[in-house]
Amino acid sequence: MADKVLDFLLEDLKLIVSKKTCFIISDMDQIKSVYDDFTFVLKQLKDDHNGDCFLEQVKDLASEALEDLDSFIINVILKEDEEMCGKIYHAFDPPKKLTYFAEAINSVKKKMEKDPQAVSMPILEVSTQSLSEAIRPQVEYDEVFMGLEDDIAKIKDQLTGNRKQLQVISIVGMAGIGKTTFCRRLCDDDYIVHHFYIRAWTCVSQEYRKRDLLLCLLSWIVDKDEIQSLSEDELVNVLYKCLKGKKYLIVMDDVWDIRAWNDLKMLFPDDNNGSRIIITSRLNDVGSSIRRGSTTHSLRFLTEDESWNLLKHKVFKKSECPSELNEVGKEIAAKCQGLPLTIVVVAGLLAKNENRDWWKQLAGSLRSVLANSEQIINILALCYEHLPPHLQSCFLYFGAFREDSDILAYRLIRLWIAEGFIYHGEQQQITVEELAEDYLKDLINRNLVVVSKKSSNGGIRTCRVHDMLRELCLRKAEEKKNDWHKRVASSSTPISSSNKLCFHSHGFHDLSENALCTNIRSRFSYASEKSPVITMKSFVYKFLWALNLCYIFLEGFPLEILQLFHLRFLELWIKHLDKLPPKISNLWNLESLVITKEDWSRVIIPVGIWKMLKLRHIRISEEIEIEAPSSNSGGPYLLNELQTLSALKLPHSGKDSEDILARTPNLRKLTFYRGPRTEGSFSVPNLANLSNLESLKLSVNSLKPTYSRIPQPDKFPKNLKKLILSGGHFKWKEISKLGKLPRLEILKLRRNCFSGHVWKTNDGEFCQLKVLKLSWMNLEQWITCTSHFPNLERLVVERCKNLIEIPAVLGDVPTLEMIEVLWSSSSAVDSAKQIHKDQVEIGNDGQKVITNSSSKKEVMDILTNYAPMPHDVYEQCPIM
């Protein structure tokens, strides 16, 4: 089920039915009855697609009931806290809106008991509109295409190359990026015109008829009057015969579904004569689904220079741009963010008035002008309408983030989960986080979301949406009456009076006097720089599910937060914090706890944490110590859902942490940390029992070297794939233990985690290692051979000032795709370049090298063709 409002309502009902409280509910039978009926209905519809449509129609009632029930539960809990000592009993009447919902669900249950097929019949009249009724706006075609010269040359080479077999070339990219115009320029190129005997074009779009496509293609080849009366089968035969034996170029523009290709592919003969087919699509999957001799080219955004050139051409045609308009014109072009559709629309506005003051005025208000452009919004809206319901909610959520900003993927995914956008059935073989990541990848595949940085294993680290797509999110959110993420503008003034709000601001605003605050479900605050420390007076948004305060530094942990019993996601920036409050366990619904600190002090997590059974992620920027439950406190106290724990203190004895780890058996990511105020040796605990642990980080920030030892390989988790070591000054001979880890794929060595000048590798180690990064190491000599890293794909050497050279033998590792040498010794840089030169001379031009001297264009070309994008280049390479 796409919308989890129903699941949240069920949780509240279950809480009331099962909670042992000293309060009397005046009509507990009614609560139990609606709980039983609701449970029955959800169970019957869990795996029924029609059930989604059926329950969608009672969602409004459920939403109102949930709001009343949330308020009811909060009042009960607050009364318990106030009067438990006196054992005063109070009676509460069930919320009235719950009664309305109970009647609706009871009616549903009776219908289902009487007729199990009733679920397929609507209980309310629903108005729908066919996609075919939507009118696709047409943009005037200009025969001059500006920019993307390298892309044009690349595709032109593929079209006219020596390959004789039929080849399919897919051009993919977001709406408005210029795929159609790009292909028109290719097809109108004089050399292309003479190279192909037949050129034909058809526009497929979202809804199509095969007969129409056939007629369109044939109209380029024969007289349309001759074929208009033919049947579809006859058209098929005519097209095949026309193409047979001829060198042809076919363009299938705007393909939304692979079925369109499947309907026509048998009509395109492969006569080994160099024929080509171009497909354009907003969906990456369309291109990747074509198996027969296919390649996919992702169309990039225009650079600022290309954007300005296109804008000038559209405004002035062949005339010169007046010098006084150059500066403001470039500013306007840059604000279009490389999207040709936006540039064309803006050019239409500028062409009407060449006055400099008018251009400056437009530059200052360009965002709002573009947001109100129906031409742009209508074209982009087709992408949204094509999304399945479960992705629509996830996509609209991007409107809650700042424009033109990178969004951490882990934060986005956990917010989606907290908001209830990710339905995770009991039979799912993957975690809810993995399912949410699949949703994100789907949006990326549809070119609605762009990956801005990737992690070392090729995963998504940060992402973003184009500003025009963000405006689309805001507009569609306003249109959805009862969605969960209605947005409030980036000020303290709401732009929607809907009963489900997400407050978003660029700084701190006290909303305590705002009557709408009682209905806010999510609260975001950001600042471009660190805001001054503030003291938060009160939180009155009692229904909050997500609270995200980035760069808003609080003096301490606000105790008012402990009243937000429905909170599922909490991220705070705190200046001073030594211990979380004892009543942190009040937040029993909390799934993600993220705290960033300014000081270096250790944070104590009280024993109440073991009662927070829904916790999935704990990320605190400094060393943490968790209080263990006492032996006579009952139990067992296990956090079975916890997947991320950071940063647990590195103990003097490994046994000090083993009790904590035994109570968190399903960890997937674990960080140990020793802060600068802790001295002495440390011991890594036995982690062998953490069978799900895939990522481990050991970070030692002590001021003095510790010279501890690395555990034996059998003390590590058997499924460990990623290991990061920072500090610690282990001896280089200790690294052989890591080399024996059977599934290790990523190894990052930082800040002299190994001490010494020589590293000599051995046979039989690092057999599965794909990524190796050395950073801030005092290593001078690295002795190895090709067979010691048989599966290495990427090597990063960063700030290793003493390293003499990159071993030349690494160039012969058959899997190695990329070497990066940044801010290291000049001899190490020269050796990397020599490796690349040697490989090119023997015909291996697929191995790439990035150094400080690489141009921005060279880096981008490499990254475009390398799937696991090296995120460190974005962060640290000066040219980026």
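Residues numbered from 1 in each chain as written. Predicted model: local features only at pLDDT ≥ 70, side-chain atom pairs only at ≥ 80, totals over all residues. Heavy atoms only, no water.

Trainee: Can you walk me through the overall build of the protein chain in this structure?
Mentor: On a plain count of helices and strands, the protein chain comes out with 28 helices and 31 strands. Burial status across the protein chain gives 53% buried among its 880 residues. The long-range fraction of contacts in the protein chain, counting pairs at least 24 apart against all pairs at least 6 apart in sequence, stands at 65%. Accessible area for the protein chain stands at about 39,300 Å²; split by element, carbon and sulfur atoms hold 48% of it. (Helix = DSSP H or I, 4+ residues; strand = E, 2+ residues; numbered from the N terminus. Buried < 20%, exposed > 50% of the residue type's maximum accessible area, 1.4 Å probe, protein only. Contact = heavy atoms within 4.5 Å. Areas by Shrake-Rupley, 256 points an atom, 1.4 Å probe, with all protein chains shown as cover.)

Trainee: I tried to follow the packing of helix 14 (residues 304-316) against helix 15 (residues 326-335) on my own but got confused; where do I start?
Mentor: Geometry of a packed helix pair, given as the angle between the helix axes and the separation of the axes. Where helix 14 meets helix 15, the closest approach of the two axes is 8 Å, and the angle between their N-to-C directions is 115 degrees. Taken together, the axes of helix 14 and helix 15 are roughly perpendicular relative to one another. In this structure, helix 14 crosses over helix 15, and the sense of that crossing is right-handed. Between helix 14 and helix 15, the residues in contact are Glu304, Ser307, Trp308 and Leu311 and Asn326, Gly329, Lys330, Ile332, Ala333 and Ala334, respectively. Class assignment for the residues of the contact of helix 14 with helix 15 results in five nonpolar, three polar and two charged. (Axes fitted to C-alpha atoms, helices over the stretch in contact; angles between N-to-C directions. Parallel < 35°, antiparallel > 145°, perpendicular 65-115°, else oblique. Left-handed = near helix turned anticlockwise from the far one by under 90°. Nonpolar A, V, L, I, M, F, W, Y, C, P; charged D, E, K, R; others polar.)

Trainee: It is not clear to me how the confidence of the model for the protein chain should be interpreted in this structure. Could you clarify?
Mentor: Any segment with low pLDDT has predicted coordinates that should not be analysed in fine detail. Of all residues in the protein chain, 72% attain a pLDDT of 70 or more, and the chain-wide mean is 78. Ignoring residues within four places in sequence, the model shows residues 83-92, a span with pLDDT below 50, making 16 contacts including any to other chains. In this model residues 865-880 is a low-confidence stretch, pLDDT under 50, and it forms 55 contacts with partners more than four residues away in sequence or in other chains. (pLDDT = per-residue confidence, 0-100.)

Trainee: Hey, could you run me through a negative patch on the surface in this one?
Mentor: A cluster of acidic residues, Glu232, Asp233, Glu234 and Asp263, forms a negative patch at the surface. Take the negative patch: its biggest share by element is three residues, from helix 11 (residues 232-243). Within the fold, Asp233 resides in helix 11. (Patch = residues over 30% accessible without salt bridge, like charges linked within 9 Å, V, L, I, M, F, W, Y side chains within 5 Å. Salt bridge = Lys/Arg side-chain N within 4 Å of Asp/Glu carboxyl O. Lys, Arg positive; Asp, Glu negative; His and termini not counted. Charge placed at Lys NZ, Arg CZ, Asp CG, Glu CD.)

Trainee: Can you help me understand the pattern of salt bridges in this one?
Mentor: Pairing between side chains becomes possible if they bear opposite charge and their charged atoms approach one another. Applying the stated rule across the entire model yields 29 salt bridges. Across the pair Asp442 and Arg446 runs a salt bridge whose closest N-O atoms are separated by 3.0 Å. Under the relative-accessibility criterion, Arg446 is labelled buried at 15%. For the salt bridge of Glu820 with Arg794, the shortest nitrogen-to-oxygen distance reads 2.7 Å. Note that Glu820 is positioned in strand 30 (residues 818-822) and Arg794 in strand 29 (residues 794-798), a separation of 26 residues in sequence. Assigned by exposure class, Glu820 and Arg794 land together as buried. Here the salt bridges share partners, and the residues they tie into one network are Arg602, Glu623, Glu625 and Lys649.

Trainee: Any chance you could explain the packing of aromatic side chains here in plain terms?
Mentor: Centre distance and the angle of the planes are the two values used to describe a pair of aromatic rings. Counted according to the given criterion, the structure contains 17 aromatic pairs. A centroid spacing of 6.4 Å and a plane angle of 35 degrees characterise the contact between Tyr384 and Phe395, whose relative ring orientation is tilted. On the criterion of sequence distance, the pair formed by Tyr384 in helix 19 (residues 374-385) and Phe395 in helix 20 (residues 389-396) is long-range, its members being eleven residues apart. Here Tyr384 and Phe395 have matching classes, each one buried. Geometry around Tyr410 places Arg619 over its ring, the cationic atom sitting 4.2 Å from the centre. One Lys or Arg, Arg799, reaches over the ring of Trp823 and ends 4.6 Å from the middle of that ring. (Phe/Tyr/Trp six-rings, centres within 6.5 Å; stacked < 30°, edge-to-face > 60°. Lys NZ or Arg CZ within 6 Å of the ring centre and 35° of its normal.)

Trainee: Mind showing me how you'd approach the sheet that holds strand 4 (residues 198-205) here?
Mentor: Paired through backbone hydrogen bonds, the strands of a sheet run either parallel or antiparallel to each other. Across the sheet, which stays open at both edges, the five strands sit in the order 4-5-6-3-7 with parallel pairing between neighbours. The strands lining the two open edges of the sheet, one partner per strand, are strand 4 and strand 7 (294-298). Neighbouring strand axes in the sheet, compared pairwise and without regard to direction, differ in orientation by 15 degrees on average. Contacts between helix 7 (residues 179-188) and the sheet are confined to strand 3 (167-172), strand 4, strand 5 (248-255) and strand 6 (276-281), with strand 4 contributing the most and set at about 170 degrees to the helix. (Pairing = 2+ DSSP bridges.)

Trainee: For this particular structure, what's the right way to read unusual backbone geometry?
Mentor: Backbone geometry follows two general trends: most residues other than glycine have a negative phi, and most peptide bonds adopt the trans configuration. Going from Ser646 to Ala647, the amide bond is cis rather than trans, its omega being 5 degrees. Tracing the backbone shows Ala647 in strand 19 (residues 644-649). At Asn272, a position not held by glycine, the phi torsion is positive, near 55 degrees. Tracing the sequence through the fold places Asn272 in the loop between helix 12 (258-264) and strand 6. With relative accessibility at 46%, the residue Asn272 sits in the partly exposed group. Although it is not a glycine, Asn752 sits at a positive phi angle of roughly 55 degrees. Along the polypeptide, Asn752 turns up in the loop between strand 24 (746-750) and strand 25 (754-755).

Trainee: Which parts of the structure should I look at to understand the pairing of strand 24?
Mentor: Side-chain direction in a regular strand flips from residue to residue, so the side chains alternate between the two faces of the sheet. With four of its five residues buried, strand 24 lies for the most part within the structure. Note that strand 22 (residues 722-726) and strand 24 share five bridges and pair parallel. Along strand 24, the bridge assignment pairs Leu725 with Leu749. Note that strand 24 and strand 27 (residues 771-775) share five bridges and pair parallel. Among the inter-strand pairings, Ile746 is bridged to a residue of strand 27, identified as Val771.

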